[in-house]
Amino acid sequence: MPRIAPLDPPYTTEIAAALARWMPPDVARDPLVLFRTLHRNPELASRMRVLGAGLLAHGRLPARDREIIIDRTCARAGCEYEWGVHAATFGEAAGLSREQLQATVSGDGAPWSPKERLLLSAADELHDSARMSPRTWTALAEHYDEPQLLELLVLTGWYRTISQLINTLEIDNEPWAPAFPTSPPR
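In this convention, every chain numbers its residues from 1, walking through the sequence in written order. Per-residue local features of the predicted model are confined to residues with pLDDT of at least 70, and side-chain atom pairs are confined, for both listing and counting, to 80 or more; whole-chain, interface and lining totals are unaffected and use all residues. Computation of side-chain values covers all heavy atoms of the structure but excludes hydrogens and water.

What follows concerns the overall build of the protein. The secondary structure listing takes helices from DSSP runs of H or I that are at least 4 residues long and strands from runs of E that are at least 2 residues long, numbered from the N terminus. Within the protein, the regular secondary structure consists of nine helices and zero strands. Starting at the N terminus and ending at the C terminus, the protein contains elements arranged as α-α-α-α-α-α-α-α-α. For the protein, the C-alpha radius of gyration of 16 Å lies close to 16 Å, the compact-globule estimate for 186 residues. Projecting the C-alpha coordinates of the protein onto the three principal axes gives extents of approximately 50 × 35 × 30 Å. Between buried and exposed lies partly exposed: a residue is buried under 20% and exposed over 50% of the maximum accessible area for its type, with that area taken using a 1.4 Å probe on protein chains only. The buried share of the protein, taken over its 186 residues, is 45%. A separation threshold of at least 6 residues defines the contact pool for the protein, and within that pool the share at least 24 residues apart is 73%. A total accessible area of about 9700 Å² is found for the protein, and carbon and sulfur atoms account for 54% of it. Counting rule for charge: Lys and Arg are taken as positive, Asp and Glu as negative, and neither His nor the chain ends is counted. We put the charge of a Lys on NZ, of an Arg on CZ, of an Asp on CG and of a Glu on CD. Of note, the protein has its 19 positive side-chain charges centred 3 Å away from the centre of its 24 negative side-chain charges. Here the radius of gyration uses the C-alpha set of atoms, whereas the globule reference equals 2.2 Å times the residue count to the power 0.38. Contacts between residues were defined by any pair of non-hydrogen atoms, one from each residue, lying within 4.5 Å. Surface accessibility follows the Shrake-Rupley procedure with a 1.4 Å probe radius. Residue values consider only the protein chains on display as shielding.

In structure tokens:
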């Protein structure tokens, strides 16, 4: 049972409109439990939505790279909820195979290109130490420009924050989202 219960319908007109803005336009699902929980504080939720939506819909990173970073960050943080939401909603659309989605949890480097393994390493370093080694930074700079590098850092930090929020609130997985295929790395 979550520590803060999500809002349940019927919603006020304002909350219904706000929840609709959080959901991707072509997704025919009820608003996520995370979003309904955040709307216990609508002002905070509205401020968070701007960054979250901006990173997903208006970012400079390629969708595949973005999802690799998000999925690995969530897996390393032990956040099955957010990993599952992204695996189900964005993973396939970004071109990630089932084996690759599983590898974002296990850390298996086999199904990845060298550049993609670099993204996994970057997510791991940021998770482990809240910094990136000069070697990893230099290698990333060969593939990404400065605005993309900044976005990568914010993206990783954002999903670490979201993972922390979900894990602390003990939010149950969405019923349609997959669970971790294996135990998350520690």
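Still more ground to cover, so stick around.
Attention now goes to the packing of helix H4 (residues 63-76) against helix H9 (residues 146-169). The N-to-C vectors of H4 and H9 enclose an angle of 35°; their axes lie 9 Å apart at closest approach. In this structure, the crossing between H4 and H9 has a hand that is right-handed. Where H4 abuts H9, its residues Arg 66, Ile 69, Ile 70, Thr 73 and Cys 74 lie against Leu 152, Leu 155, Thr 156, Tyr 159, Arg 160 and Ser 163. Counted by class, the contact of H4 with H9 contains six nonpolar, three polar and two charged residues. To get an axis, fit a line to the C-alpha atoms, keeping to the stretch in contact for a helix; angles then go from 0 to 180 degrees between the N-to-C directions. For any pair of crossing helices, the crossing counts as left-handed if the nearer helix is rotated counterclockwise from the farther one by less than a right angle, and right-handed if it is rotated clockwise. Any residue outside Ala, Val, Leu, Ile, Met, Phe, Trp, Tyr, Cys, Pro, Asp, Glu, Lys and Arg is labelled polar, Gly included; the first ten of those are nonpolar and the last four are charged.

A few words on the domain arrangement of the protein. These domain boundaries are the output of an automatic or database domain assignment. Entries for the protein in the domain assignment read domain 1 (13-56) and domain 2 (62-169). The centre of domain 1, based on its C-alpha atoms, is set 22 Å off from the matching centre of domain 2. Of the roughly 1200 Å² buried between domain 1 and domain 2 on both sides combined, carbon and sulfur atoms contribute 80%. When residues of domain 1 are sorted by the area they lose upon contact with domain 2, Leu 34, Leu 55 and Leu 56 head the list and together hold 51% of the total. Put simply, a salt bridge is a Lys or Arg side-chain nitrogen that is within 4 Å of an Asp or Glu carboxyl oxygen. Summed over the shared surface of domain 1 and domain 2, the result is zero salt bridges. Of all the secondary structure elements, the ones that give two or more residues to the side of domain 1 that touches domain 2 are helix H2 (33-38) and helix H3 (42-57). The element contributing the most residues to the side of domain 1 that touches domain 2 is H3, with five residues. By residue class, the composition of the side of domain 1 that touches domain 2 is ten nonpolar, two polar and one charged. Summed over both partners, the accessible surface that disappears when two parts come together, traced with a 1.4 Å probe, is what is meant by buried area.

UniProt positions are given in the numbering used here, feature names are shortened, and annotations may be inferred rather than shown by experiment. Using the residue numbers shown here, the UniProt feature "domain: Carboxymuconolactone decarboxylase-like" (unreviewed entry) corresponds to residues 42-124. Taken end to end, residues 42-124 comprises 75% helix and 0% strand; its first and last C-alpha atoms sit 33 Å apart.

Where helix H5 (residues 80-91) contacts helix H6 (residues 98-106), the axes come no closer than 11 Å and their chain directions differ by 155°. Classified by the angle between their axes, H5 and H6 sit roughly antiparallel to one another. By crossing handedness, the relation of H5 to H6 is classed as right-handed. Counting all contacts with H5, which are made through Trp 83, Ala 87 and Gly 91, the residues of H6 involved are Leu 101, Thr 104 and Val 105. In the contact of H5 with H6, the residues fall into four nonpolar, two polar and no charged. Angles are sorted into four bins: roughly parallel if under 35 degrees, roughly antiparallel if over 145, roughly perpendicular if 65 to 115, and oblique for all others.

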